[in-house]
Amino acid sequence: RLLAIGAFALLGGVFAPATVMAADTHQHDTHTAVLKLNQGGKWHTDAALRTGMESIRSALAQALPDVYSGKFDATRYQTLAQSIEAQVGYVVQNCKLQPEADEVLHAIIGEIGQGVDVIAGHKPGTEREQGVVHVARTLDDYAAHFEHPGWKSLKTEH
């Protein structure tokens, strides 16, 4: 239980700023993480990263039809936000990437965090559906920058 609380406290620090600061359990400097390719190619992934990202994708794929049809209520949005946060926590704790790839991953995690804030209802005046779409599009950024065999993009238009 303490480990879970620590992970959420860590995620709160990652999700809070508008720009992603590379600082967590992976031992980074305090510079801003940016999306970039690995000398023109995609970054290698590990099993933990692929598992976590697939879980996030799966949760969104299941939610999108009801989100778009207006059948997703506040409780379901909150559950979705918590599910995504849990998977990000899993990735942060278990993923082992080279430092440059890890920095790019932190940019992705920061964007996911911004979407989760909207999904959870922490951004008044912004429809929660927009957070779901934001996270889905961030997964496209992930796929554009990281090798993930078999990855399938989500349809974000309805």
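Here the structure is shown first, and the text comes after it.
A brief report on the enclosed structure follows. (Residues numbered from 1 in each chain as written. Predicted model: local features only at pLDDT ≥ 70, side-chain atom pairs only at ≥ 80, totals over all residues. Heavy atoms only, no water.)

To continue, consider the overall build of the protein. Counting its regular elements, the protein contains five helices and zero strands. Beginning at the N terminus, the succession of helices and strands in the protein can be written as α-α-α-α-α. Across the 158 residues in the protein, those meeting the buried criterion constitute 42%. For the protein, the exposed area adds up to about 8200 Å²; of that, 52% sits on carbon and sulfur atoms. (Helix = DSSP H or I, 4+ residues; strand = E, 2+ residues; numbered from the N terminus. Buried < 20%, exposed > 50% of the residue type's maximum accessible area, 1.4 Å probe, protein only. Areas by Shrake-Rupley, 256 points an atom, 1.4 Å probe, with all protein chains shown as cover.)

Scanning all chains against the criterion turns up one salt bridge. Salt-bridge contacts for Arg76 lead to Asp66; the nearest nitrogen and oxygen are separated by 2.9 Å. Taken as a pair, Arg76 in helix α3 (residues 74–94) and Asp66 in helix α2 (residues 47–69) lie far apart in primary sequence, 10 residues in all. (Salt bridge = Lys/Arg side-chain N within 4 Å of Asp/Glu carboxyl O.)

Another point: the nonpolar core. With 39 residues, the main nonpolar core has Leu60, Ile84, Ile112 and Phe146 as its most contacted residues. Sorting elements by how many residues they give to this core places α2 first, with nine residues. When residues no more than four places from it in sequence are discounted, the contact partners of Phe146 are Lys42, Trp43, His44, Thr45, Leu49, Leu97, Ala101, Val104, Leu105 and Ile108. (Core = buried A, V, L, I, M, F, W, Y, C linked by side-chain atoms within 4.5 Å. Contact = heavy atoms within 4.5 Å.)

Between α2 and α3, whose axes approach to 8 Å, the crossing angle comes to 170°. Comparing their axes, α3 and α2 come out roughly antiparallel. Of α3, the residues touching α2 (which contributes Ala48, Leu49, Thr51, Gly52, Ser55, Ile56, Ala59, Leu60, Ala63, Asp66 and Val67) are Arg76, Tyr77, Leu80, Ser83, Ile84, Gln87, Val88, Tyr90, Val91 and Asn94. Split into classes, the residues belonging to the contact of α2 with α3 amount to 13 nonpolar, six polar and two charged. (Axes fitted to C-alpha atoms, helices over the stretch in contact; angles between N-to-C directions. Parallel < 35°, antiparallel > 145°, perpendicular 65-115°, else oblique. Nonpolar A, V, L, I, M, F, W, Y, C, P; charged D, E, K, R; others polar.)

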